[in-house]
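Listed below, chain by chain, are the residues.
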Amino acid sequence: MFSASDLRKGLKVEIDGAPFIITDFTFSKPGKGQSIYNCKLKNLISGSTLTRSYRSNDKIEKPELSNTEMQYSYTDGTDFVFMNEDFEQVHLSAENLGDGRFFLTEDMTVEVLYFKDQPIDITLPTFVDKAIVETEPGARGDTATNVLKPAKIDSGYEVQVPIFVNEGDVVKIDTRTGAYSERVSQA
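Residues numbered from 1 in each chain as written. Predicted model: local features only at pLDDT ≥ 70, side-chain atom pairs only at ≥ 80, totals over all residues. Heavy atoms only, no water.

1. Considering the overall build of the protein
Within the protein, the regular secondary structure consists of one helix and 16 strands. Since a compact globule built from 187 residues should have a radius of gyration of about 16 Å, the 21 Å found for the protein marks it as more spread out than a globular shape. With respect to the three principal axes, the spread of C-alpha positions in the protein is 65 × 50 × 20 Å. Looking at the 187 residues of the protein, the share that counts as buried comes to 35%. Pairs at least 24 apart in sequence give 42% of the contacts found in the protein among residues at least 6 apart. For the protein, the accessible area works out to roughly 11100 Å², and carbon and sulfur atoms hold 45% of it. Each charge class in the protein can be summarised by its mean position, and for the 20 positive and 30 negative side chains these summaries are 12 Å apart. (Helix = DSSP H or I, 4+ residues; strand = E, 2+ residues; numbered from the N terminus. Rg over C-alpha atoms; globule rule 2.2 N^0.38 Å. Buried < 20%, exposed > 50% of the residue type's maximum accessible area, 1.4 Å probe, protein only. Contact = heavy atoms within 4.5 Å. Areas by Shrake-Rupley, 256 points an atom, 1.4 Å probe, with all protein chains shown as cover. Lys, Arg positive; Asp, Glu negative; His and termini not counted. Charge placed at Lys NZ, Arg CZ, Asp CG, Glu CD.)

Right, here's the structure in full:
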């Protein structure tokens, strides 16, 4: 059990039998009365959000979460298959993975998050290297400001890149935001 004073951004809690993560957190102490902890929470299974307020003496359930290191194996229809060192397979749907599915590469090691022995999410490496398969050439001389253009990687994900990036270049992408980080190599 967590007390309200333990609440902070990024903490995982259980509300009504479902796991939530605190995405935003504010603390207020009115002149009279108890402290109030306002939290924005995101459901780890469905992705829905809600707002809750807690008083300083409230108790919040701790979820039954565990992490297991696994490797991405292959795609089976709309499911993504992961395998651990004992060759046990776990299937996760595209809805569970969100945009993270675009950054998976074969044999990539990820952390699979379990809630009550059910896989619900993965944690990718912070950065991945992906080749640009489709982009328009940059306009020469258009470099007065930080100009970006759309580019597609092999999984179909579209990322905004600087105009000097061309097809065949390998770029580093931040998996937390889906944004371009830097060019790794030129074609």
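This is not the end of the story, as more comes after the structure.
2. A closer look at the packing of aromatic side chains
Across all of its chains, the model carries six aromatic pairs by this definition. Look at Phe 102 and Tyr 157: their rings are 5.4 Å apart centre to centre, the planes differ by 40°, and that puts the pair in the tilted class. With a gap of 55 residues between them, Phe 102 in the loop between helix H1 (94–97) and strand S10 (109–115) and Tyr 157 in the loop between strand S13 (148–153) and strand S14 (158–162) connect regions that are remote in the sequence. Here the two residues Phe 102 and Tyr 157 agree in accessibility, since each one is buried. Three or more aromatic residues joined by ring pairs make a cluster, and in this case those are Phe 25, Phe 27 and Tyr 37. The ring of Phe 127 is capped by Lys 172, whose NZ or CZ atom sits 5.8 Å from the centre of that ring. (Phe/Tyr/Trp six-rings, centres within 6.5 Å; stacked < 30°, edge-to-face > 60°. Lys NZ or Arg CZ within 6 Å of the ring centre and 35° of its normal.)

3. Observations regarding the pairing of S14
In this structure, S13 lies alongside S14, joined through five bridges in antiparallel fashion. What sits directly across from Lys 152, in S14, is Glu 158. What sits between S13 and S14 in their antiparallel hairpin is a turn of four residues, with Gly 156 showing a positive phi close to 95°. (Pairing = 2+ DSSP bridges.)

4. Notes on a negative patch on the surface
Together, Glu 69, Glu 85, Asp 86 and Glu 88 give the surface a local cluster of negative charge. Tracing the sequence through the fold places Glu 85 in the loop between strand S8 (79–83) and strand S9 (89–93). Glu 85 sits in the exposed class, given a relative accessible area of 63%. (Patch = residues over 30% accessible without salt bridge, like charges linked within 9 Å, V, L, I, M, F, W, Y side chains within 5 Å. Salt bridge = Lys/Arg side-chain N within 4 Å of Asp/Glu carboxyl O.)

5. Describing the sheet that holds S10
Spatially, the five strands line up as an open sheet ordered S9-S8-S7-S10-S11, and their pairing is antiparallel. Of all strands in the sheet, those bounded by a partner on one side alone are S9 and strand S11 (118–123). If you compare each strand with its neighbour and ignore which way they point, the axes differ by 45° on average. The pairing of S10 with S11 spans five bridges and is antiparallel. Bridge pairing in S11 links Val 112 to Ile 122. (Axes fitted to C-alpha atoms, helices over the stretch in contact; angles between N-to-C directions.)

6. Let's talk about the environment of Lys 172
By the secondary structure assignment, Lys 172 is in strand S15 (residues 170–174). With 13 residues separating them along the chain, Lys 172 and Ser 185 place their C-alpha atoms 9.5 Å apart. The contact partners of Lys 172, leaving out residues within four places of it in the chain, are Phe 127, Val 128, Asp 129, Ala 179, Tyr 180, Ser 181, Glu 182 and Val 184.

7. Quick notes on the sheet that holds strand S3 (residues 18–28)
Backbone-to-backbone hydrogen bonds join strands into a sheet, with any given pair of strands oriented parallel or antiparallel. Strand order in the open sheet made by the four strands is S2-S3-S4-S5, with antiparallel pairing throughout. Either end of the sheet is taken by a strand with one partner, and the two such strands are strand S2 (12–15) and strand S5 (49–55). Averaged over neighbouring strand pairs, the angle between their axes works out to 45° when direction is ignored.

8. Considerations on the pairing of strand S16 (residues 179–185)
Pairing analysis gives five bridges linking S15 to S16, with the strands arranged antiparallel. Bridging from a neighbouring strand, Val 170 pairs with Ser 185 of S16. Between S15 and the antiparallel strand that follows it, S16, lie four residues; Gly 178 among them carries a positive phi value of about 75°.

Such coordinate-based values are descriptive only and should not be taken to indicate function.
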